[in-house]
Amino acid sequence: MAAGVATWLPFARAAAVGWLPLAKKSMPKPPVDKKSRNDEILFVNVSGLRFQTWKNTLDRYPDTLLGSSEKEFFFNEETQEYFFDRDPEMFRHILNFYRTGKLHYPRHECIQAFDEELAFYGIVPEIIGDCCMEEYRDRKKENLERLA
Ligand SMILES: [Zn+2]
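Described below are features of the structure shown in this document. If you're wondering where the values come from, they're calculated on a predicted model, not measured in any experiment.

1. Remarks on helix 5 (residues 111–121)
- By the burial criterion, the buried members of helix 5 are I111, F114, D115, E117, L118 and Y121. Each buried residue of helix 5 sits inside an arc of 160 degrees when the element is viewed along its axis, so together they form one side.

2. Overview of the nonpolar core
- Formed by 26 residues in total, the largest nonpolar core has its most connected members in L66, F84, F91, I94, F114, Y121 and I123.
- By residue number, the principal contributor to this core is helix 4 (residues 88–100), which donates six residues.
- Discounting chain neighbours no more than four positions away, the residues touching F114 are M90, L103, H104, Y105, P106, I128 and Y136.

3. What about the pairing of strand 4 (residues 81–84)?
- Note that strand 1 (residues 41–46) and strand 4 share three bridges and pair parallel. Considered in strand 4, the bridge of V44 is made with Y82.
- Pairing analysis gives two bridges linking strand 3 (residues 75–76) to strand 4, with the strands arranged antiparallel. If you follow F75 over to strand 4, its bridge partner there is Y82.
- The turn linking strand 3 back onto strand 4 is made up of four residues, and Q80 within it adopts a positive phi angle of 60 degrees.

4. Quick notes on the coordination of the zinc ion
- Within the first shell, the zinc ion binds the protein through H104 (ND1), C131 (SG) and C132 (SG), at distances of 2.0 to 2.3 Å.
- Between consecutive donors of the zinc ion, the numbers of intervening residues give the motif H-x26-C-C. With H104 in the loop between helix 4 and helix 5 and C132 in helix 6 (residues 130–147), this residue pair connects regions lying 28 residues apart in the sequence.
- Accessibility expressed as a relative area gives 6% for C132, which makes it buried.

5. Description of helix 4
- Given a rise of 1.5 Å per residue, 13 residues ought to cover 18 Å, and the 18 Å separating the end C-alpha atoms of helix 4 matches this to within 8%.
- The complete set of buried residues in helix 4 reads M90, F91, H93, I94, L95, F97 and Y98.
- Taking the backbone nitrogen of E89 as reference, a side-chain oxygen 2.8 Å away marks D87 as the first, capping residue of helix 4.
- Positive backbone phi, at 80 degrees, marks G101, one or two positions downstream of helix 4.

Quick notes on the rules
Residues numbered from 1 in each chain as written. Predicted model: local features only at pLDDT ≥ 70, side-chain atom pairs only at ≥ 80, totals over all residues. Heavy atoms only, no water. Buried < 20%, exposed > 50% of the residue type's maximum accessible area, 1.4 Å probe, protein only. Helix = DSSP H or I, 4+ residues; strand = E, 2+ residues; numbered from the N terminus. Arc of directions from axis to C-beta. Core = buried A, V, L, I, M, F, W, Y, C linked by side-chain atoms within 4.5 Å. Contact = heavy atoms within 4.5 Å. Pairing = 2+ DSSP bridges. Donors = N, O, S within 2.8 Å, 3.2 Å for Na, K, Ca; no water. Expected span 1.5 Å × (residues − 1). Polar contact = N/O pair within 3.5 Å; in protein donor to acceptor, adjacent residues only side chain to side chain.

Next comes the structure, spelled out in structure tokens:
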């Protein structure tokens, strides 16, 4: 019995010796550069749904609510996060705008509700991407006619 274990052990050791340096070698280099390591993750709570993003991402558009110091009015010291009592589903599109530079219009949303969110966050609808602009304009026109 003991002999069986003893014969097996060298193989286990050999495997360990062979495996360890390999594991060290195959560790991928972390994909962060110096710049992003100095960045800070911000927590944004929108009606209970928590979003996380880099501060640098929001700083890309300093004329908007999230990109400016205006957002500090919404900072909750206790939870250490920004809190917005707004629609979290539409916020996804707002946040993606900071990430990609493209604002998409969610077809299933009421255009007026979408416009109100944009106005709240200080984003002008003119920057809606070409992929969604036509749809946005059509819906806008339709809505104006409906309300007239
Ligand atoms: Zn689009």
